[in-house]
There are 2 protein chains.
Amino acid sequence: MASISYQLAAFCTRCSIHRETNKQKLHCVKINGNKSFSAGAKVDFLSQEHKMAYTSIDQYSADQNVHMIKQEVRQNIPTTKQLVDPNRQGMIVDIEEGVGYRQTVVIRSYEVGPDKTATIESILNLLQETALNHVWMSGLLSDGFGATHGMMKNNLIWVVSRMQVQVDHYPIWGEVVEIDTWVGASGKNGMRRDWLLRSQATGVVFARATSTWVMMNQQTRRLSKMPEEVRAEISPWFIEKHAIEEESHEKIDKLDNNASYVHSDLKPKRSDLDMNHHVNNVKYLRWMLETIPDEFLENHQLSNIILEYRRECGSSDVVQSLCEPQQDGLIKPGIQQSHHISLNGNSFSSEIFDENGLLRSLNQMPFSYTHLLQIKGETKNEEIVRGKTTWKRKLTSIPFLP
Amino acid sequence: MASISYQLAAFCTRCSIHRETNKQKLHCVKINGNKSFSAGAKVDFLSQEHKMAYTSIDQYSADQNVHMIKQEVRQNIPTTKQLVDPNRQGMIVDIEEGVGYRQTVVIRSYEVGPDKTATIESILNLLQETALNHVWMSGLLSDGFGATHGMMKNNLIWVVSRMQVQVDHYPIWGEVVEIDTWVGASGKNGMRRDWLLRSQATGVVFARATSTWVMMNQQTRRLSKMPEEVRAEISPWFIEKHAIEEESHEKIDKLDNNASYVHSDLKPKRSDLDMNHHVNNVKYLRWMLETIPDEFLENHQLSNIILEYRRECGSSDVVQSLCEPQQDGLIKPGIQQSHHISLNGNSFSSEIFDENGLLRSLNQMPFSYTHLLQIKGETKNEEIVRGKTTWKRKLTSIPFLP
């Protein structure tokens, strides 16, 4: 299995977030003297220049004060396990034979698409957010994007190798969603992180997700065994429970240039980079979904996605997105099949018939697409991620249900 | 002033959200009978087909039950004024001589950019979210994206004509932000909506914003006077306070094809559409910002943005983004000016000198860009939005501060 430095869920590469106590204090900088600067003479000159240049010294001073409030105080990352975080609406909860993290979120107006249901991108974002908040609450969050203190010491980062998200129902704008997340062992050196999204009002499950993580040395970029001190940190949190019981382990085929749909020359933009300067996971997904014909997307909703990560994608990479409808079903979804057929005076889409004339789409038989994102090289292409998306017809497009 | 149907802040075009009481109940559909369907004979046939097609009737039944839970119950929009919403962490608060809405949010991991500060896009999203939640809490939210009951009756929607956001400091990942928003009169027939974003820990102001709204008839697309019944609904919420005291009223110049930077053939994607099927405001901003050279964006942060809306942009429009550095300052920001100059043994960027050799960038003198988004027509272009962005050098790029 190839490894990548990718920031979806719990833990990943380091950023300069400094651990600190929970005390809230301001660090002020004296502007018109030189105490706060290292070279006195230079500072005298500079402070005069500042004086001239600033419309108001007060303004400058205020700017500097705020700038100098240490990030750790502003973030307030706990160094010991917290049971409740009222600001995040998060808490440690019992999950079967162990504990996990639960956060309540309200689906925001900008997290929904034209059909007023949460987008799959928003759901992926919430998975990342709750995973990081779980680590945050555990008191293990160190100087990085999810790495623990023991990982920091050993120069290790988390990399994700696989991810599956299964969406039964999409929450709507304003709906209150409870997200549970927990971790478990994955082989000797890996970790699983699972999620369960439920309606707070009805308890109905919206979505389930699972992911697999391994450790990588940040310098050598080689996979690493889990050091004992890291195991000691995280294994007390391990639970056996799986969010997706019927987890698929089928291998995703590698597509080649004969794929039905190809989008080339995809370039990450500044706004696609996350705090690790890597292309954000949601962008990967968007590149995959944008390769599927619009006509298909209009009538279908994503019910399952599997992602197999191969390598990281940086800001200067030029990406190609390949996509192929699944061949092994009776129905190959495509625009060309959207003819209408009249039956008993009603008009139905031909997509709902197979060769035997049976009504098929009524059962929401899943359609699938296989995906590949790769970096187009001159002699060789490099895989970033393989994917498989599975789709259901939208309920509203069944013509005879009220 | 031209009008547009644009969904940034408080109120906009209608969606099919039905007002309902706060009761929580499930609406079940009987599957194997025909009670729930309108045509008995057809239904008998269909229910059999369903039976065959579904791997499990229970699964189908569960799907339908969930699908039929009325959206209003799931959203739970209040019909009377609420003082506190624990799920949203929002409450009605006293703001000077009236009341407004306050919501506490934690900056999420996916809302920050590579520098770990909230992106301007995230800030705009939070403005929209809090504005809508304010209407939600007021008990006035009707069957639409912010329209009141009186507006619904009169077939009116809100359209935004102007927006200004001033960012002093960007909150960082994990920081707790208090967002206040309130409304006021704007002339006889308009409404102002303002926002103030503060650090919960220190009280320091992160950002201030103001916007102006007018009403439009949804069918005729013509601007409308504010009907008395709508005035009666919203005017009790009006406050005189302005978030931005030194509000700029300068007119933004219209750019033409001689603009320094032009991006053409910008096409909205499915993921850019909001629940009103219009291009999302954040996409407008992104189109504007992506026209500015990367080299400039790396060293500067947006401190002020003014947007003047002219017309709406639909999903099939092809957009052109024009951008011009401000000419009237001493310094025209550009990549070509980023040479380094040695002074007293220190190397400074030439951008910090003007023609007189004075240190200028130390004072963070603002640089500006003028923007235009337009729909390129064969004979005539149609303006969507004019913009002006003002920028400060990032503090970290000043070489001699610790």
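Position labels on residues start from 1 in each chain and follow its written sequence. All chains are assigned letters beginning at A, and all ligands numbers beginning at 1, according to the order in which they are written. The predicted nature of this model means local features are confined to residues of pLDDT at least 70 and side-chain atom pairs, given and counted, to a pLDDT of 80 or more, with totals for whole chains, interfaces and linings taken over all residues. To get the side-chain values, take all heavy atoms of the structure and skip hydrogens and water.

- Chain A is annotated in an unreviewed UniProt entry as Acyl-[acyl-carrier-protein] hydrolase from Buddleja alternifolia.
- UniProt positions are given in the numbering used here, feature names are shortened, and annotations may be inferred rather than shown by experiment. For chain A, the Function (unreviewed entry) comment in UniProt is given as "Plays an essential role in chain termination during de novo fatty acid synthesis."
- Looking at chain A in UniProt, the text filed under Subcellular location (unreviewed entry) is "Plastid, Chloroplast".

### What to know about the overall build of chain A
Link 1 in the chain: The helix and strand tally for chain A stands at eight helices and 15 strands.
Link 2 in the chain: Of all 402 residues assigned to chain A, the portion counted as buried reaches 60%.
Link 3 in the chain: Between two residues, a contact is recorded if the distance between any of their heavy atoms is within 4.5 Å. Within chain A, contacts between residues at least 6 apart in sequence are counted, and of these 73% link residues at least 24 apart.
Link 4 in the chain: Surface accessibility of chain A: about 16,400 Å² in total, with carbon and sulfur atoms responsible for 48%. Secondary structure counts use DSSP, requiring at least four H or I residues in a row for a helix and at least two E residues in a row for a strand, with both numbered from the N terminus. For the exposure calls, accessible area comes from a 1.4 Å probe over protein chains only, and a residue counts as buried if that area is under 20% of its type's maximum, exposed if over 50%, partly exposed in between. Surface accessibility in these figures is a Shrake-Rupley result with a 1.4 Å probe; residues are shielded only by whichever protein chains are displayed.

### Focus: the side chain of A:Thr389
All names here are of chain A.
Link 1 in the chain: Residue position: threonine 389 is located in strand β15 (residues 382–393).
Link 2 in the chain: Residue class for threonine 389 comes out buried when judged on its relative accessible area of 0%.
Link 3 in the chain: Ignoring anything within four residues of it in the chain, the contact list for threonine 389 reads Leu289, Ile292, Leu302, Asn304, Ile305, Phe367, Ser368, Tyr369 and His371.

### Quick look at the confidence of the model for chain A
Low pLDDT means the predicted coordinates in that region are not meant to be read closely.
Residues and elements named next belong to chain A.
Link 1 in the chain: Mean pLDDT for chain A: 75, with 69% of residues reaching 70 or above.
Link 2 in the chain: Confidence scores per residue from the predictor, reported as pLDDT, run from 0 to 100. For the stretch residues 1–68, pLDDT sits under 50, and the model shows 185 contacts to residues farther than four places along the chain or on other chains.
Link 3 in the chain: Low pLDDT, under 50, characterises residues 330–364; the predicted model gives this stretch 77 contacts beyond four residues in sequence or across chains.
Link 4 in the chain: Interface confidence for the predicted complex, expressed as ipTM, amounts to 0.77; the pTM equals 0.77.

### Some remarks on empty space enclosed by the protein
Link 1 in the chain: As defined here, a cavity is a set of points on a 1 Å grid over the protein atoms alone where a 1.4 Å probe fits but cannot get out. A pocket is an open set with protein on both sides within 12 Å along at least five of seven lines, and residues line them when an atom is within 4 Å of a point. Grid points are joined across faces, edges and corners, and a volume is the space filled by probe spheres set on the points. The tally for this structure, following the rule as stated, stands at seven cavities of 30 Å³ or more.
Link 2 in the chain: Space inside the largest cavity adds up to approximately 190 Å³.
Link 3 in the chain: Around the largest cavity, the lining comprises 20 residues; the ones closest to its centre are A:Asn87, A:Gln89, A:Arg108, B:Gln89 and B:Arg108.
Link 4 in the chain: Among the elements of the structure, β3 (98–106) and α4 (120–138) of chain A together with β3 (98–106) and α4 (120–138) of chain B are those that each provide at least two residues to the lining of the largest cavity.
Link 5 in the chain: Of the residues contributing to the lining of the largest cavity, the split by class is four nonpolar, 10 polar and six charged. Residue polarity follows a fixed list, in which Ala, Val, Leu, Ile, Met, Phe, Trp, Tyr, Cys and Pro are nonpolar, Asp, Glu, Lys and Arg are charged, and the others, Gly among them, are polar.

### What about helix α7 (residues 281–289) of chain B?
Residues and elements named next belong to chain B.
Link 1 in the chain: Burial within α7 is extensive, with eight of its nine residues counted as buried.
Link 2 in the chain: Considered for burial, the residues of α7 that qualify are Asn281, Val282, Lys283, Tyr284, Leu285, Trp287, Met288 and Leu289.
Link 3 in the chain: Here a polar contact is taken to be a pair of N or O atoms separated by no more than 3.5 Å, where protein atoms must pair a possible hydrogen donor with a possible acceptor and residues adjacent in sequence count only if both atoms sit in side chains. For α7, the N-terminal cap is asparagine 280; the gap from its side-chain oxygen to the backbone nitrogen of valine 282 is 2.7 Å.

### Details of the state of the cysteines
Link 1 in the chain: Cysteine sulfur atoms that pair up within 2.5 Å are treated as a disulfide. A full pass over the atoms with the stated rule returns zero disulfides over all chains.
Link 2 in the chain: A disulfide-free cysteine, B:Cys323 has its sulfur positioned 18 Å from the sulfur of B:Cys313, the nearest such atom.

### A short note on the environment of B:Trp237
Residues and elements named next belong to chain B.
Link 1 in the chain: Along the chain, the position of tryptophan 237 falls in the loop between α6 (228–234) and β9 (261–266).
Link 2 in the chain: Residue classification places tryptophan 237 among the buried residues on the basis of a relative accessible area of 10%.
Link 3 in the chain: The residues contacting tryptophan 237, other than those within four sequence positions of it, are Lys81, Ile92, Val99, His134, Ser138, Leu140 and Val183.

### A short note on the packing of aromatic side chains
Residue and element names in this part refer to chain A.
Link 1 in the chain: Only Phe, Tyr and Trp rings take part, Trp by its six-membered ring, and two of them pair if their centres are within 6.5 Å. Stacked means planes under 30 degrees apart, edge-to-face means over 60, and tilted covers everything else. For the coordinates displayed, the defined rule picks out eight aromatic pairs over all chains.
Link 2 in the chain: Plain terms: the ring middles of phenylalanine 296 and tyrosine 369 are 5.0 Å apart, the flat faces sit at 80° to each other, and that makes the pair edge-to-face. With phenylalanine 296 in helix α8 (residues 294–299) and tyrosine 369 in strand β14 (residues 367–375), the pair connects residues that are 73 residues apart, well separated along the chain. Tyrosine 369 shares its class with phenylalanine 296; the two are buried.
Link 3 in the chain: Taken together, Phe296, Phe367, Tyr369 and Trp391 form an aromatic cluster joined through their ring pairs.

### Re the packing of α4(A) against helix α7 (residues 281–289) of chain A
When two helices pack together, their arrangement is given by the angle between the helix axes and by the axis-to-axis distance.
All names here are of chain A.
Link 1 in the chain: Closest axis-to-axis distance for the α4/α7 pair is 10 Å, and the angle between their directions is 155°. Looking at the two axes, α4 sits roughly antiparallel to α7. The handedness of the crossing between α4 and α7 is right-handed. Two secondary-structure elements touch here, α4 through Ile120, Glu121, Leu124 and Asn125 and α7 through Asn281, Val282, Leu285, Arg286 and Leu289.
Link 2 in the chain: Of the residues that constitute the contact of α4 with α7, the class distribution is five nonpolar, two polar and two charged. The axes used here are C-alpha line fits, helices contributing only the stretch in contact, and every angle between their N-to-C directions lies in the interval 0 to 180 degrees. To sort the angles, those under 35 degrees are grouped as roughly parallel, those over 145 as roughly antiparallel, those from 65 to 115 as roughly perpendicular, and the leftovers as oblique. Definitions for this section: a left-handed crossing has its near helix turned counterclockwise from the far helix by less than a right angle. A right-handed crossing has that turn clockwise.

### Digging into the domain arrangement of chain A
All names here are of chain A.
Link 1 in the chain: Here the bounds of each domain stem from an automatic or database domain assignment. Taken domain by domain, chain A consists of domain 1 (2–75), domain 2 (80–247) and domain 3 (250–402).
Link 2 in the chain: On the side of domain 3, 19 residues touch domain 2, which itself brings 17 residues to the contact.
Link 3 in the chain: Across the domain 2/domain 3 interface, buried area totals approximately 1,700 Å², and carbon plus sulfur atoms make up 52% of it.
Link 4 in the chain: Any carboxyl oxygen of Asp or Glu that lies within 4 Å of a side-chain nitrogen of Lys or Arg is treated as forming a salt bridge with it. Joining domain 2 to domain 3, the criterion identifies two salt bridges. Here the buried area means the combined drop in accessible surface, using a 1.4 Å probe, for two parts upon being joined, counting both sides.

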